[in-house]
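# Structure assessment
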Amino acid sequence: MNIPVKAYLDLLYNYLKPQWPKVMGMAVLLFSSIALQLLNPQVIRQFIDRVQQGVPHPALLQMALWFLLIVLAQRGVAIATTYVSQQIAWNATNGLRRDLTRHVLKLDLSFHNAHTPGELLERIDNDVDRLGNFFSEFLLQILSGLLLTLGVLLLLWREDGRMAGLLALFVIAYLVVHARGQQLATPHWEKERQYSADLMGFVEERLAGVRDIQTSGAVDYTLLRFYALVRRRTWQALKADVVTDVGWTISKIFYDLGTVAGMALGAYLFLRGQITLGTVYLVLNYLDSLNGPLTSIANQMEELQQARVAIGRVQTLLQTPTKVLDRGNTTLPTEGALGVRFEHVAFRYHEDAGVLHDLSFALQPGQKLGLLGRTGSGKSTISRLLFRLYDVDSGAITLNDQEIRQVRLANLRQRVGLVTQEVQLFPASLRDNLTLFDATIRDAQIWENLRRLGLDGWVQTLSAGLDTLLAANGGGLSAGEAQLLALARVFLKNPGLVILDEASSRLDAATERLLERALDSLLAGRTAIIIAHRLATVRRADEILILEAGKMQEFGSYQQLANDPNSRFAHLLRTANLTADLTANLHPENGASDPVTQLANHNHFSMVAPQEATV
Ligand code: ATP
Ligand code: MG
């Protein structure tokens, strides 16, 4: 992974600029800490030399006090540094988390189909976590480490040129050896991060499908896969750790060799009377105090290697463009039904197979379309295109004669209501689930809507009314009740076009009646596209569209098609009728004279079986 320096600088600039006063404060703290670190050995050196010279006690006491003061100041600065640097790190990483989350929430469905939530979580939290240090300390630590090293070399040079020369050589060798060791470790860490993301993705997916795993007896198999992924990651982390550690050890040995050389040279010069004992101490102390800055430079280089991997991935994610662009600037009327027109629409999810082909039809405002077709024929795809979860490949979709790509996305999704087969419920109160956490919607408004949908009675039967707490994944509600809730949710938006991608789930008779009544109110005065799995709902349609492998097979008014004995729709009705008659004979209580009413009474009638028998 090759990341240009500009990428690092851009990141630093974007997230540090808003908090520049803190960054300046941090710089002041770091430089004060350097000055204090350089000052202390000088005090001790003087102390030793004066003791040797036999100066009186009060002067020595004064020097000891100075020493104490400097040490205390050093500690104080260290605490303040931690406080400020942590603040900078959290502000910067939270800013990055915010931008990543916003970006991910805006990315289109084709991106989300390709990336599991677990994988994205790893990006948004773990990778960003790794950048905390990069934001708060990287530049300043490297800078202050280098400055401190330079300061030490300069002060030593004043004492003795040979000593300073020896130390300079040693510093360079140490940094080179260390950098080389880190380079060897980087690819291992990159692999480790990828394995970790794979593991997260796996766990998240399996937890989401826990019911299927339990019912299909796949727990043991899932655990086996889990062990394999954990094992792979563990070995990779161990390998990366060992390689990193070997690099550290070699550079440590270098450091110790440097200390030995310094001691030998110091002893030699002292014995020859060229330097005082205090200076020998000073040299050894500086050698020792180089440990701090050199380690911190080395640490920062190591952190940078880790940050590099994270930066690469964060940048890739931030640069992933959304295919559904929000560039429109027109809006749809706030009230009233919307006219719908498809003009030669073609669409495919992947290059290889087209899903919709040259689809054209139109609905007047307020008309209801019954959309029929075999499973996989592209019905739900039509609803996703209208909602702009994807954009068409060619052709155009218009609402009230406005191309939907020209309409502001938020406005489009406000005016189009989509009730899908899967109702996403949140672990929150019924109220929050209805308003989707929009606190500006008042209770009176919610009750008014529920009343108009005929659902107020149902909500009153729930234990705490609107305050009833729902569990995650809709725990506590039946599939039918979740559908009721979804209808009420869409109703609150007051959409001009409603798309019902109806669930074929079995509903009990009471819920079914509630649902039917709610639907009547929901659809009144709105344009609707009803994707019908049960013929009962098609009863409301003015127009019928039959889709076959993404192509329009039949389109026309309900009555016309039903009365035309050669139409596919009439064929469908006849087959459905036959099945309904059979059931009616088996259960005479269902028997009704009008075939459509018969079908409506027949709650669980599925379109799939008769279609496959006839189409
Ligand atoms: P059903 O009656 O089962 O709900 P449908 O008519 O709604 O079926 P669609 O969901 O529109 O069918 O799917 C149409 C085709 O597109 C199918 O062949 C399906 O496999 C494919 N498809 C659907 N969603 C995706 C996706 N996210 N990525 C790739 N292909 C997809
Ligand atoms: Mg579907």
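Report on the accompanying structure. (Residues numbered from 1 in each chain as written. Chains lettered and ligands numbered in written order. Predicted model: local features only at pLDDT ≥ 70, side-chain atom pairs only at ≥ 80, totals over all residues. Heavy atoms only, no water.)

## Let's talk about the site of ligand 1
Residues in contact with ligand 1 amount to 16 residues; listed here are only the nearest, Thr-375, Gly-376, Lys-379, Ser-380 and Thr-381. In the environment of ligand 1, an oxygen atom lies 2.8 Å from a nitrogen or oxygen atom belonging to the backbone of Gly-376. Within the side chain of Ser-380, an N or O atom sits 2.7 Å from an oxygen atom of ligand 1. Relative to its unbound accessible surface of 640 Å², ligand 1 loses 67% to contact with the protein. Among the elements that take part in the shell around ligand 1, helix α11 (residues 379-386) stands out by supplying four residues, more than any other. Looking at the shell around ligand 1 residue by residue, the classes come out as three nonpolar, 10 polar and three charged. (Near = heavy atom within 4 Å. Polar contact = N/O pair within 3.5 Å; in protein donor to acceptor, adjacent residues only side chain to side chain. Areas by Shrake-Rupley, 256 points an atom, 1.4 Å probe, with all protein chains shown as cover. Helix = DSSP H or I, 4+ residues; strand = E, 2+ residues; numbered from the N terminus. Nonpolar A, V, L, I, M, F, W, Y, C, P; charged D, E, K, R; others polar.)

## As for the sheet that holds strand β4 (residues 394-399)
Spatially, four strands are ordered β2-β1-β4-β5 in an open sheet, and the strand pairing comes out antiparallel. Two strands lie at the open edges of the sheet, namely β2 (354-363) and β5 (402-403), each paired on one side alone. By the bridge criterion, six bridges tie strand β1 (residues 340-348) to β2 in an arrangement that is antiparallel. Counted as the bridge partner of Val-345 is Leu-359 from β2. Where α11 meets the sheet, its contacts fall on β1, β2 and β4, and the angle it forms with β1 comes to roughly 110°. (Pairing = 2+ DSSP bridges. Contact = heavy atoms within 4.5 Å. Axes fitted to C-alpha atoms, helices over the stretch in contact; angles between N-to-C directions.)

## Some thoughts on the nonpolar core
Formed by 38 residues in total, the largest nonpolar core has its most connected members in Leu-96, Leu-100, Leu-131, Phe-134, Phe-135, Ile-311 and Leu-317. For this core, the secondary-structure elements that each account for two or more residues are α1 (5-16), α2 (20-53), α3 (57-106), α5 (117-129), α6 (132-159) and α10 (277-319). Looking at this core, the element that brings in the most residues is α3, giving eight residues. In this view, Leu-317 contacts Leu-100, His-103, Val-104, Leu-107, Phe-111, Leu-120 and Arg-123; residues no more than four positions away in its chain are not counted. (Core = buried A, V, L, I, M, F, W, Y, C linked by side-chain atoms within 4.5 Å. Buried < 20%, exposed > 50% of the residue type's maximum accessible area, 1.4 Å probe, protein only.)

## As for the sheet that holds strand β9 (residues 543-548)
Overall, mixed pairing links the six strands, which are arranged β6-β7-β8-β3-β9-β10 in an open sheet. If you trace the sheet from one side to the other, it starts and ends with β6 (416-419) and β10 (551-557), each paired once. This sheet shows a mean twist of 15° between the axes of neighbouring strands, independent of strand direction. Relative to β9, strand β3 (residues 368-373) is paired through five bridges, and the arrangement is parallel. Paired with Gly-370 across the bridge in β9 is Ile-544. Its contacts with the sheet place helix α17 (residues 509-523) against β3, β7 (497-501) and β8 (527-531), and it is angled at close to 150° to β7.

## Re the environment of Ala-27
Mapped onto the secondary structure, Ala-27 falls in helix α2. C-alpha of Ala-27 to C-alpha of Leu-61: the two residues are 34 residues apart in sequence and 33 Å apart in space.

## A closer look at the pattern of salt bridges
Where charged atoms from two side chains of opposite charge approach closely, those side chains can pair. Tallied over the entire structure, the rule returns 22 salt bridges. For Arg-431, the salt bridge goes to Asp-467, with nearest N and O atoms at 2.8 Å. Pair noted here: Arg-431 is in helix α13 (residues 430-435) and Asp-467 is in the loop between α15 (456-461) and α16 (479-492), with a separation of 36 residues, a long-range link. Here the residues in one salt-bridge network are Glu-122, Glu-192, Arg-193 and Arg-233, joined through shared partners. (Salt bridge = Lys/Arg side-chain N within 4 Å of Asp/Glu carboxyl O.)

## Description of the packing of α6 against helix α7 (residues 161-208)
Packing of α6 against α7 brings their axes to within 7 Å, and their N-to-C directions diverge by 155°. With respect to α7, the element α6 is oriented roughly antiparallel. Note on element contacts: α7 touches α6 through Gly-161, Ala-164, Leu-167, Ala-168 and Val-171, opposite Thr-149, Val-152, Leu-153, Leu-156 and Trp-157. Classifying every residue of the contact of α6 with α7 by side-chain character gives eight nonpolar, two polar and no charged. (Parallel < 35°, antiparallel > 145°, perpendicular 65-115°, else oblique.)

Note that every value here comes from positions in space, so none of it alone points to a role or purpose.
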